[in-house]
Amino acid sequence: MDHFRALVADNNGEEAPTLTIKNLTTADLPEGEVTVRVAYSSVNYKDGMVGIWGRMIKSYPHIPGIDLSGTVTESTDPRYKPGDEVIVTSYGLGVTHYGGYSELARVPASWVVPLPTGLTQREAMILGTAGFTAALSVQRLEDNGLTPEKGPVVVAGASGGVGSVAVNILAKRGYEVTASTGRLSEEAYLKELGAKHVIHRDELTETEQRPIRRPLWAAAVDPVGGKTLSYLLSTLQYGGSVATSGLTGGVEVETSVYPFILRGVNWLGIDSVECPMELRSRVWERLASDLKPTMLSNTIVNEIQLEQLPEELALILQGQVRGRTIVKLG
Ligand code: NDP
């Protein structure tokens, strides 16, 4: 495959990049030890920030796409050989290095995760960075003492990528899940994923800053941040934890020392990008086994082609995408 198609972001001095599908050759690929024929990629909020807003792009032209799954076609690293099925996410993929919106990708071997037994390439991208982040959040919460007996768990931004996978994983593990969403029209979908209660996100939004409130949750998964996170910190039960991964609701968080010194709560930072490979591989193995979401087989997945990406990337920035969207390349 000397020629291949990719979604290329260019910038001719405008504020936002232009996105065009181009025919490229292998000579256009960046350096790296492993070349992958990409089967699927996916759409994440970060892909919207990169592709539509041009955030984090260091130089043009650029191929976005922070996730890919596929089959190795060439490798100068002895750990990988042609025919191996792999997942690549995180590090610089799709941000500082050409990403997954491309039929062919070349990446450093140190970014590659072998596709675990129990997951297909398609399933790996239904999960993608969002699913990985949801699983990492659950892993960290449980490492900090969370069990279903401790009490209810709330998931913010529940109809988005991280949120929907988190709802599904937690429900499957026996937790009583409250899903918080700005789109109550998604109630049936969220209940199908396993949420016991669905609440409007306004119920979790701090209007009046109070350091501590009636304790409600044993834990929270929060890809939203901002005023939602302020509220969650003030409503965790004694010893409870919040796993913070995102910023769709804002980056500023007002809080005080009280939840920490009066209730011993844990504020856990979740980072998928630089997550060490040993933990990363363990979480992917778990996503293929005990944490494998039921949504992979039950829920209809939005599958798109390269041509539909510009529109889909704009929609995710407007909070209009439900669950996960995958991109078929192979
Ligand atoms: P999605 O757009 O799929 O989901 C985000 C959800 O947040 C939306 O679906 C919506 O849920 C909610 N939301 C959107 N806008 C607002 C708003 N203004 N106020 C409150 N809630 C809002 O994105 P992803 O799941 O891909 O990513 C979620 C966040 O997590 C992003 O900030 C992303 O950058 C971050 N992230 C971080 C990672 C890390 O390593 N730390 C890895 C992956 C993602 P609803 O309609 O249900 O309210």
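Before any of the text, the structure's been laid out above.
Residues numbered from 1 in each chain as written. Predicted model: local features only at pLDDT ≥ 70, side-chain atom pairs only at ≥ 80, totals over all residues. Heavy atoms only, no water.

Engineer: Any chance you could break down the sheet that holds strand S11 (residues 217-222) for me, citing the residues and the numbers?
Structural biologist: What links the strands of a sheet is backbone hydrogen bonding, and the strands pair in either a parallel or an antiparallel sense. The sheet built from six strands is open, its strands ordered S10-S9-S8-S11-S12-S13 with parallel pairing. The open sheet has two edge strands, strand S10 (197-200) and strand S13 (266-269), and neither has a second partner. Neighbour-to-neighbour, the strand axes of this sheet turn through a mean angle of 20 degrees, independent of strand direction. The pairing of strand S8 (residues 153-155) with strand S9 (residues 177-181) spans three bridges and is parallel. (Pairing = 2+ DSSP bridges. Helix = DSSP H or I, 4+ residues; strand = E, 2+ residues; numbered from the N terminus. Axes fitted to C-alpha atoms, helices over the stretch in contact; angles between N-to-C directions.)

Engineer: Summarise the packing of helix H2 (residues 121-143) against helix H7 (residues 277-287); cite the residues concerned and give the values.
Structural biologist: Between H2 and H7, the least distance of the axes is 9 Å, while the angle of their chain directions is 105 degrees. Comparing their axes, H7 and H2 come out roughly perpendicular. For the pair formed by H2 and H7, the contact residues are Ala124, Leu127, Gly128, Gly131, Phe132, Ala135, Leu136, Gln139 and Glu142 on the first element and Leu279, Arg280, Arg282, Val283, Trp284, Arg286 and Leu287 on the second. (Parallel < 35°, antiparallel > 145°, perpendicular 65-115°, else oblique. Contact = heavy atoms within 4.5 Å.)

Engineer: Would you mind going over the nonpolar core in detail, with residue names and values included?
Structural biologist: If you look at soluble globular proteins, the nonpolar side chains tend to sit buried side by side. Ranked by size, the top nonpolar core spans 52 residues in total, and within it Leu119, Val155, Val167, Leu170, Leu190 and Trp284 carry the most contacts. If you tally residues by element for this core, the top one is H2, at eleven residues. With sequence-adjacent residues up to four places away left out, Leu190 is seen in contact with Ala158, Ser159, Val167, Ala179, Thr181, Ala195 and Val198. (Core = buried A, V, L, I, M, F, W, Y, C linked by side-chain atoms within 4.5 Å. Buried < 20%, exposed > 50% of the residue type's maximum accessible area, 1.4 Å probe, protein only.)

Engineer: Hey, could you go over H7 for me, with residue numbers and the actual values?
Structural biologist: Among the residues making up H7, those that are buried are Leu279, Arg280, Val283, Trp284, Arg286 and Leu287. All buried residues of H7 project into a common sector of 160 degrees when viewed along the axis, lining one side. Packed against the buried residues of H7 are strand S5 (85-89), strand S7 (112-114), H2 and helix H3 (161-172). (Arc of directions from axis to C-beta.)

Engineer: Got a sec to walk through the site of the ligand? Specific residues and values, please.
Structural biologist: Close to the ligand lie 25 residues; Ser159, Thr181, Gly182, Ile270 and Ser272 are nearest. Val162 is positioned with one of its backbone polar atoms (N or O) 2.8 Å from an oxygen atom of the ligand. Within the backbone of Ser245, a nitrogen or oxygen atom sits 2.9 Å from a nitrogen atom of the ligand. Look at the ligand: alone it shows 920 Å² of surface, and the protein chains cover 87% of it. Listed by contribution, the elements that provide at least two residues to the shell around the ligand are H2 and H3. Considering only residue class, the shell around the ligand consists of eight nonpolar, 14 polar and three charged. (Near = heavy atom within 4 Å. Polar contact = N/O pair within 3.5 Å; in protein donor to acceptor, adjacent residues only side chain to side chain. Areas by Shrake-Rupley, 256 points an atom, 1.4 Å probe, with all protein chains shown as cover. Nonpolar A, V, L, I, M, F, W, Y, C, P; charged D, E, K, R; others polar.)

Engineer: Outline the packing of aromatic side chains, supporting the account with residue identities and numerical values.
Structural biologist: Overall, the coordinates contain three aromatic pairs when judged by the stated rule. Ring geometry for Tyr91 against Trp111: centres 5.7 Å apart, planes inclined by 10 degrees, an arrangement best described as stacked. In this pair, Tyr91 sits in the loop between S5 and strand S6 (104-107) while Trp111 sits in the loop between S6 and S7, placing the two residues 20 residues apart along the sequence. One residue, Arg322, lies across the ring of Tyr189, its end atom 4.3 Å from the ring centre. (Phe/Tyr/Trp six-rings, centres within 6.5 Å; stacked < 30°, edge-to-face > 60°. Lys NZ or Arg CZ within 6 Å of the ring centre and 35° of its normal.)

Engineer: Report on the pairing of S11, specifying residues and quantitative values.
Structural biologist: With respect to burial, S11 is a largely interior element, six of its six residues being buried. In this sheet, S11 lies alongside S8 in parallel orientation, the contact comprising three bridges. Bridged to Val155 within S11 is Val221. Note: S11 against strand S12 (residues 236-244), five bridges, orientation parallel. Across the sheet, the residue bridging to Ala220 is Val242, located in S12. With respect to chirality, the unit in which S11 leads through helix H5 (residues 226-235) into the neighbouring parallel S12 is right-handed. (Right-handed = clockwise from strand over helix to strand, strands pointing away.)

Engineer: How would you summarise unusual backbone geometry if you had to cite specific residues and measurements?
Structural biologist: Between Tyr60 and the following residue, Pro61, the backbone shows a cis peptide bond with an omega angle of -5 degrees. In this structure, Pro61 sits in the loop between helix H1 (45-51) and strand S4 (67-75). The phi dihedral of Ser90 is positive, around 75 degrees, even though this residue is not glycine. Mapped onto the elements of the fold, Ser90 is located in the loop between S5 and S6.

Keep in mind these numbers describe shape, not what the thing actually does.
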